[in-house]
Amino acid sequence: MDIKKEKVLCQKQWAKNKYLVLSYSSKIYLEIRTYLKQEEVSLEKINELIKQAINLPEDKGQVTNALHHVWGYFKKFATKEEKDNFFEMIEEYHNNNKYKKEDLINEVKYLLKKYPNRYLEESTFINGGQDETLA
């Protein structure tokens, strides 16, 4: 496959999976970002790194970090109540086990219904979709 096509495929795969990876490992997240700056990249390598990340145990700090990034898509539209609720849920998830990661993702889905964003809707972190190349 030609180098440009491979790079485009890698970037598309990364776009779908970056918040999922970030929710497991900021180290692997940064590794993929750096790797994608190279002239020649391989989809196989990207998929391998994504798999590596999602095989790690859940880390509340990483999940919280990813959710803060995701919030950026809503901050200009959401009400103060929605913001307060979202961050309170994150706090309760992180510190008190009151919520599970799925509860927070459901909250993001609720916000997406109100404030659609195609980029986020296609994110495997939000939609739970697994790319068939990673299965």
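Residues numbered from 1 in each chain as written. Predicted model: local features only at pLDDT ≥ 70, side-chain atom pairs only at ≥ 80, totals over all residues. Heavy atoms only, no water.

(A) Region of interest: the packing of aromatic side chains. Applying the stated criterion across every chain, the model contains eight aromatic pairs. Ring centres of tyrosine 19 and tyrosine 73 lie 6.1 Å apart, and the angle between their planes is 90 degrees; on these two criteria the pair is classed as edge-to-face. One end of the pair, tyrosine 19, is in helix H1 (residues 3-22); the other, tyrosine 73, is in the loop between helix H4 (60-71) and helix H5 (80-96), with 54 residues separating them in the sequence. Given a relative accessible area of 24%, tyrosine 73 falls into the partly exposed group. Between the aromatic rings of tryptophan 71 and phenylalanine 87, the centroid separation amounts to 5.5 Å while the plane-to-plane angle is 75 degrees, which identifies the pairing as edge-to-face. On the criterion of sequence distance, the pair formed by tryptophan 71 in helix H4 and phenylalanine 87 in helix H5 is long-range, its members being 16 residues apart. An aromatic cluster of three or more residues is present, and its members are Trp71, Phe74, Phe86 and Phe87. The ring of tyrosine 35 carries the charged tip of lysine 45 above its face, separated from the ring centre by 6.0 Å. A cation over an aromatic ring shows up here: lysine 60 above the ring of tyrosine 93, its NZ or CZ 5.0 Å from the ring centre. (Phe/Tyr/Trp six-rings, centres within 6.5 Å; stacked < 30°, edge-to-face > 60°. Helix = DSSP H or I, 4+ residues; strand = E, 2+ residues; numbered from the N terminus. Buried < 20%, exposed > 50% of the residue type's maximum accessible area, 1.4 Å probe, protein only. Lys NZ or Arg CZ within 6 Å of the ring centre and 35° of its normal.)

(B) Broad picture of the packing of H1 against helix H2 (residues 26-35). As a packed pair, H1 and H2 sit with axes 8 Å apart at the nearest point and diverge in direction by 155 degrees. With respect to H2, the axis of H1 lies roughly antiparallel. With respect to the hand of their crossing, H1 and H2 are arranged in left-handed fashion. On H2, the residues touching Trp14, Lys18, Val21 and Leu22 of H1 are Ser26, Ile28, Tyr29, Ile32 and Arg33. Among the residues forming the contact of H1 with H2, the class breakdown is six nonpolar, one polar and two charged. (Axes fitted to C-alpha atoms, helices over the stretch in contact; angles between N-to-C directions. Parallel < 35°, antiparallel > 145°, perpendicular 65-115°, else oblique. Left-handed = near helix turned anticlockwise from the far one by under 90°. Contact = heavy atoms within 4.5 Å. Nonpolar A, V, L, I, M, F, W, Y, C, P; charged D, E, K, R; others polar.)

Any functional reading would require information that these geometric values do not contain.
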